[in-house]
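# Analysis of the macromolecular model
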Amino acid sequence: MNKILQEKGLNYKIHISDACGQQSMWIEALDSELSIPMDDSLNETIIYYFAKQGMGLDFSSDRDSFWVAEED
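Reading the values: rules and limits
Residues numbered from 1 in each chain as written. Predicted model: local features only at pLDDT ≥ 70, side-chain atom pairs only at ≥ 80, totals over all residues. Heavy atoms only, no water. Core = buried A, V, L, I, M, F, W, Y, C linked by side-chain atoms within 4.5 Å. Buried < 20%, exposed > 50% of the residue type's maximum accessible area, 1.4 Å probe, protein only. Helix = DSSP H or I, 4+ residues; strand = E, 2+ residues; numbered from the N terminus. Contact = heavy atoms within 4.5 Å. Phe/Tyr/Trp six-rings, centres within 6.5 Å; stacked < 30°, edge-to-face > 60°. Lys NZ or Arg CZ within 6 Å of the ring centre and 35° of its normal. Expected span 1.5 Å × (residues − 1). Arc of directions from axis to C-beta. Pairing = 2+ DSSP bridges.

Formed by 13 residues in total, the largest nonpolar core has its most connected members in Leu 5, Ile 14, Ile 27, Leu 42, Ile 46, Phe 50 and Phe 66. No other element matches the three residues that helix H2 (residues 40-52) contributes to this core. Sequence-distant contacts of Ile 14, defined by excluding residues within four places in its chain, comprise Met 1, Asn 2, Leu 5, Met 25, Trp 26, Ile 27, Ile 46 and Phe 66.

This next bit is on the packing of aromatic side chains. Tallying each qualifying case throughout the model produces three aromatic pairs. Ring centres of Tyr 49 and Phe 50 lie 5.1 Å apart, and the angle between their planes is 85°; on these two criteria the pair is classed as edge-to-face. What makes Phe 50 buried here is its relative accessible area of 9%. Grouping aromatic residues by their ring pairs yields a cluster made of Tyr 49, Phe 50, Phe 59 and Phe 66. The aromatic ring of Phe 59 is capped on one face by Arg 63, whose charged end is 4.1 Å from the ring centroid.

Attention now goes to H2. Helix length check: H2 (13 residues) gives 18 Å between terminal C-alpha atoms against 18 Å at 1.5 Å per residue, within 8%. Among all positions of H2, only Leu 42, Asn 43, Thr 45, Ile 46 and Phe 50 are buried. Down the axis of H2, the sector holding all buried residues measures 165°, keeping them to one side. Exposed side of H2, more than 90 degrees from the buried face: Asp 40, Glu 44, Tyr 48 and Lys 52 are the residues found there. A positive phi of about 80° marks Gly 54, the residue just after H2.

Now for the pairing of strand E4 (residues 65-68). Sheet topology places strand E2 (residues 22-29) next to E4; three bridges connect them, and they run antiparallel. Bridge pairing in E4 links Met 25 to Phe 66. Where strand E3 (residues 57-59) and E4 come together, three bridges link them in antiparallel fashion. Note on E4: the bridge partner recorded for Phe 59 is Phe 66. Remark: five residues form the turn of the hairpin made by E3 and E4, two consecutive strands paired antiparallel; Arg 63 in that turn has positive phi of roughly 65°.

What follows concerns the environment of Gln 22. Within the secondary structure, Gln 22 is located in strand E2. The class for Gln 22 is partly exposed, based on a relative accessible area of 27%. Taking C-alpha positions, Gln 22 is 7.8 Å from Trp 67, a pair spaced 45 residues apart along the chain. The contact partners of Gln 22, leaving out residues within four places of it in the chain, are Ser 17, Trp 67, Val 68 and Glu 70.

Purely geometric numbers; function is a separate question.
What follows is the structure, given as C-alpha cells:
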C-alpha cells in the first residue's frame, strides 16, 4: 500500500496496528502541509487497493484511521 502511495505521489504513509483481534490502519501525513482527513485521491487509492483484495473498509469519523469491514 505504501509503495503505491509513493508511486502516485501521495505523501502519506499507512501504519497497521493489531487491536482486539482485528487489524486497524492509521494514516500519517508525511508533509506538515497535508491534512487528515484525507484528500479524495488518497481515499480512492486506499479503497481501490483493498477492494482488489476482496475487502471492504470502515473509516473512523475523522477519516484518519480505518479497518477491514466485518462481513455480514
